[in-house]
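An overview of the molecular structure
The chain contents come next:
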Amino acid sequence: MAGSSKTVTEIACPVPLTAKDTVLLGHGSGGKLSAELLHEIFLPALQNPALAKLDDQAIVQINGTRLAFTTDSFVVKPLFFPGGDIGSLAVHGTINDLAVGGAKPLFLSAGFILEEGLSIGTLRRVVDSLKKAATAAGVQVVTGDTKVVERGSGDELFINTTGLGIVPDDVCLSADQARPGDKVILSGCIGDHGIAILAQREGLAFESTIQSDSAALHVLVSDMLNATHEIRCMRDPTRGGLSSALNEIAERSQVGIELREETIPVREEVRGACEMLGLDPLYVANEGKLIAIVAPGVAGAVLEAMHKNPLGREARVIGTVTQSNQGLVTMRTGLGTTRIVDMLAGDQLPRIC
Amino acid sequence: MKYIDEYRNAPIALGLARKIAHLATRPWVLMEICGGQTHTILRYGIDELLPREVELVHGPGCPVCVTPVETIDKAIAVATVPNVTLVSYGDMLRVPGSTSDLFRAKARGADVRVAYSPMEAVKIARANPDRKIVFLAIGFETTAPPNAMAAWQARREGLTNLSLLVSHVLVPPAIRALLTSEQNRVQGFIAPGHVCTITGYQDYEALVREFAVPIVIGGFEPVDLMEAILMLVKQLEKGEARLENQYVRSVSYEGNRAAQQMVAEVFEVADQKWRGIGIIPRSGLRLRPEYAQFDADKIFHLDVVTAEEPAECISAQVLRGVQKPIDCRAFGSRCTPENPLGAPMVSSEGACAAYYRYRRQGPIAKEA
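Let me begin by describing the structure that accompanies this report. If you're wondering where the values come from, they're calculated on a predicted model, not measured in any experiment.

**What to know about unusual backbone geometry**
Residue and element names in this part refer to chain A. For the peptide bond that leads from lysine 77 to proline 78, omega is 0°, which places it in the cis range. With respect to the secondary-structure elements, proline 78 resides in the loop between strand S2 (65-74) and strand S3 (80-81). Phi at leucine 54 takes a positive value of approximately 55°, unusual for a residue other than glycine. Relative to the helices and strands, leucine 54 is located in the loop between helix H2 (49-52) and strand S1 (58-62). Look at leucine 54 and you get partly exposed, because 16 C-beta atoms sit within 10 Å. Positive phi values are uncommon outside glycine, yet asparagine 63 reaches one of about 50°. Tracing the chain through its elements places asparagine 63 in the loop between S1 and S2.

**Description of the sheet that holds strand S6 (residues 140-149) of chain A**
Residue and element names in this part refer to chain A. Reading across the sheet, the five strands line up as S1-S2-S7-S5-S6 and stay open at both edges, with mixed pairing between neighbours. Here the strands that pair on one side only, and so sit at the sheet edges, are S1 and S6. Going from strand to strand, the sheet's axes swing by 20° on average, the running direction of each strand aside. Pairing analysis gives five bridges linking S1 to S2, with the strands arranged antiparallel. The residue of S2 that forms the bridge with alanine 58 is phenylalanine 69. Most of the contacts of helix H3 (residues 86-99) go to S2, to which it runs at about 145°, and overall it touches S2, strand S5 (104-115) and strand S7 (157-166).

**Points about the environment of A:Ala273**
Residues and elements named next belong to chain A. If you trace the backbone, alanine 273 turns up in helix H8 (residues 268-277). In the structure, alanine 273 is positioned 112 residues away from threonine 161 in sequence and 31 Å away in space, judged by C-alpha atoms. Leave out the neighbours within four places in its chain, and alanine 273 touches Ile195, Ala199 and Ser208.

**Topic: the sheet that holds strand S4 (residues 111-114) of chain B**
All names here are of chain B. Strand order in the open sheet made by the six strands is S4-S3-S5-S6-S11-S10, with mixed pairing throughout. Each of the sheet's edge strands pairs with one partner strand only, and the pair in question is S4 and strand S10 (267-274). Direction aside, neighbouring strands of the sheet carry axes that sit 25° apart on average. Both strand S3 (residues 84-88) and S4 contribute to a ladder of four bridges, which runs parallel. Across the sheet, residue serine 88 finds its bridge partner in S4, namely valine 114. Contacts from helix H4 (residues 69-79) reach S3, S4, strand S5 (132-139) and strand S6 (162-169) within the one sheet, and its direction differs from that of S3 by about 145°.

Cut-off values and rules
Residues numbered from 1 in each chain as written. Chains lettered and ligands numbered in written order. Predicted model: local features only at pLDDT ≥ 70, side-chain atom pairs only at ≥ 80, totals over all residues. Helix = DSSP H or I, 4+ residues; strand = E, 2+ residues; numbered from the N terminus. Buried ≥ 20, exposed ≤ 12 C-beta atoms within 10 Å, placed from the backbone. Pairing = 2+ DSSP bridges. Axes fitted to C-alpha atoms, helices over the stretch in contact; angles between N-to-C directions. Contact = placed C-beta atoms within 7 Å.

Structure, rendered in structure tokens:
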């Protein structure tokens, strides 16, 4: 300690916390802690080539057919929110994980974990919505399961899904294929889903007209692939938002990604809510948006195809893949300076999907 | 967005930067007090747009960063008492105490809830008469009025199951402590606009007179900060020391009287420990004796040992503007937002976190 007679003395700072003995909410954020679990627990135990790709879906070959295979779990709170509910979200989220691999989604499974005491009316509403979303998207829920846990062991209702689809032979999208010079395309405004959910949360509820963007993106993807096959990879930026999805691509492809701040579309209401709550829209979840990394020469053709689809009407180029800053996402600000866009550390909003 | 976009206007901000470059003939060290201002500076690269003569150092105005480690330990201790619900601002959950943090306490079963407003704690207390609700009431003059309001409302309603764990700090005594420190390099201050919105700026005028140091009350957007820096450089180059208000759209001389009255009703000024700085006389707030029944310290007999400082953490220097986060050997390697050694790496308003998030010069950038 410095001179104790002085007003200003030395700090009493904390000892570091390095113990990794407990699962925290941040482990489910889709950000750095999630990646830590993946690399330290799951991958070492389950390692195989399909899993190692770390895409939103695995692509496995059976008798010459390339199957896209994915699973997802839905724990969103509240169950019903402006623009959707856990049932439709389960269908859209699963389809999107298949679609961004270039697959045509065909079949889903739905496993329900119900908490004792849940009203049958609520369950019926969720299942009706799930069915409606599946029918609209042209997929069938072909198998399912139901489990019930004691009151207090769950929170109303969780859904786990599987998705199966077929990837055309000439389509090969993966996060490790971004190349310097490629363009980064975003399909529309970011942050709608996360803010729509947040506006409903107990303790945070504020008046808002923001709707979740929850939507199935497979038709948009198919429109894009019909325009060109020079798409390197796609992602739907859900948990962890745009920044986490782009950081994954930068890391997997060992490239830099430079964004231009003024090109990233955010609705005024979402910006306002983010300003008020101290959130960055780059980290807020989306459920009906995609990013695509495309060869420089085809960006125009891809955008043209996207603009014809209602879900891609606001699509635009938001950045470029670079040789420098490998593994990093950077942003040119409106003032011409450059800053890092880091992956989410910890958790902004738990149970957003 | 109105009242935001105008203050992020690039031509205006860059025009102000050119004026600063034109005016500055000698080296000047300026400090922005508030963590929100530090965040804007790093996010928009304001410092990169300034001439070499003007150096910005970052101040102690991050409420999470200066909350003493004992307060975190107390919060964890009280959160683990059966039948207690601890309600806190979100950023506090990741701040390391001596051996744990509130996120880990929560993961192990403590009922810890995040709120944006202390009135949420009042609501929870009302709805759960059989539970004891403790609100972690931390922050500067900005959070003092709502925190006071929670205690006032609880008293009015006769709520007996709500209490406050108070660790409140005040800006002017901290500026005084910085100015009287032998290590001080700061020649001009950007005072925190939101704090002054509440308090007005009489106290800052007194500092200007006593120390002959220019102070400009500044806002939080790029244009605000550029303009505040320009105002300071103008004064310094002319050898003046005045109080100026850049943030006129929010700050008045008297401040928010209703908020001040609410604070005075519930709190009184007291000596306060600042993490990174130590005890500063009369630099904090504690509950008045009339509100003792809402004092979590007294109700739960919170008596916790002071923690040891990790030798590597230089947050003491960072919070006083003596060193920058990138001067730290642990920055970006052994100290990251996932595994913070000190509070400035935890809070979204902390200087270390802002550097890590937006800039990351130092070990990581070199390896990359």
